[in-house]
Amino acid sequence: KSTAYEGGMRLPAFLSGGFLPSDVRGTTQEGNVHFADWYATLCRLAGVDFADARAEAVGLPAVDSLDLWPLLSGANVTSARQEMLLSGTSGHCAQRAMITNGYKIIVDPELDDEFELYNIRLDPGESRNLFHIEVAIAQQMLDRMRLLIQTQVQDTNEGRGFSCVEPMRKLYGNFVGPWIV
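If you're wondering where the values come from, they're calculated on a predicted model, not measured in any experiment.

1. Focus on the pattern of salt bridges
Working step 1: Overall, the coordinates contain six salt bridges when judged by the stated rule.
Working step 2: As a salt-bridge pair, Arg-146 and Asp-143 come within 3.9 Å of each other at their nearest N and O atoms. Of this pair, Arg-146 and Asp-143 both sit in helix α5 (residues 135-150), three residues apart, roughly one helical turn.
Working step 3: Since its relative accessible area comes to 44%, Arg-146 is described here as partly exposed.
Working step 4: Via salt bridges that share partners, Asp-37, Asp-64 and Arg-81 belong to a single interconnected network.

Spelled out as structure tokens, the structure:
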């Protein structure tokens, strides 16, 4: 699960229980779901706001989580998450990828910025690279991906032997939670 290819990204999930509307039980929903979206979705179901005003007040970005209950409950057939910026590893370098509108673009800096573009709806096995065929789509996705990468929070301690996991282990007894160093 450490690459940006579909085998490392596409995972099954299921819901069960009395809170799930009876008309969607036993059905399949398809749509983009990022693990961060479970936060907003579960907050909604618990009746709490997922926004973090304290973090935003000190200049941190807003929580990047979308409420997917409308998709999961069958009230909507499309996901609120229309694009996802992804990363994986290839050797020791990080791959970058983005999914939008059924396409995925992958950039591998280890291979001299080799680009790959796949229609993951029609080719979920990613066997046909469309980068040189769907040039306009590829360029639009590259431009958008570069813009989104600029908005990512960067680990300012990278390369100094600091692990972001350590403060969480100490604060939350080996559970993941919010932290500021």
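Let's pick the thread back up.
2. A few points about the pairing of strand β3 (residues 103-108)
Working step 1: Counting buried residues in β3 gives six out of six residues, a clear majority hidden from the surface.
Working step 2: Burial along β3 is two-sided: Tyr-103, Ile-105 and Val-107 facing one way and Lys-104, Ile-106 and Asp-108 facing the other are all buried.
Working step 3: Relative to strand β4 (residues 114-119), β3 is paired through six bridges, and the arrangement is antiparallel. In the sheet register, Asp-108 faces β4, and the bridge partner there is Glu-114.

3. Some details on the side chain of Thr-100
Working step 1: By secondary structure assignment, the location of Thr-100 is in strand β2 (residues 93-100).
Working step 2: Look at Thr-100 and you get buried, because its relative accessible area is 13%.
Working step 3: Once residues within four sequence positions are removed from consideration, Thr-100 is found in contact with Gln-82, Glu-83 and Met-141.

4. Details of unusual backbone geometry
Working step 1: Phi angles above zero are rare outside glycine, and Asn-101 is one such case at about 50°.
Working step 2: One can find Asn-101 in the loop between β2 and β3.
Working step 3: Residue Asn-101 is classed as exposed on the basis of its relative accessible area of 52%.
Working step 4: Phi at Glu-126 takes a positive value of approximately 50°, unusual for a residue other than glycine.
Working step 5: Locating Glu-126 in the fold gives a position in the loop between β4 and α5.
Working step 6: The class of Glu-126 is buried, set by a relative accessible area of 10%.

5. Digging into the packing of aromatic side chains
Working step 1: Per the stated rule, a full pass over the model turns up two aromatic pairs.
Working step 2: An angle of 15° between the planes, with centres 5.1 Å apart, marks the rings of Phe-115 and Phe-131 as stacked. Of the two residues, Phe-115 sits in strand β4 while Phe-131 sits in the loop between β4 and α5, which places them 16 residues apart along the sequence.

6. Overview of helix α2 (residues 37-46)
Working step 1: Residues of α2 that are buried: Asp-37, Ala-40, Thr-41 and Cys-43. One side of α2 carries all its buried residues, which in axial view fall inside an arc of 160°. In α2, those exposed residues whose orientation departs by more than 90 degrees from the buried face are Leu-42 and Ala-46.
Working step 2: Buried positions along α2 lie against α4 (69-72).

Criteria and thresholds
- Residues numbered from 1 in each chain as written.
- Predicted model: local features only at pLDDT ≥ 70, side-chain atom pairs only at ≥ 80, totals over all residues.
- Heavy atoms only, no water.
- Salt bridge = Lys/Arg side-chain N within 4 Å of Asp/Glu carboxyl O.
- Helix = DSSP H or I, 4+ residues; strand = E, 2+ residues; numbered from the N terminus.
- Buried < 20%, exposed > 50% of the residue type's maximum accessible area, 1.4 Å probe, protein only.
- Pairing = 2+ DSSP bridges.
- Contact = heavy atoms within 4.5 Å.
- Phe/Tyr/Trp six-rings, centres within 6.5 Å; stacked < 30°, edge-to-face > 60°.
- Arc of directions from axis to C-beta.

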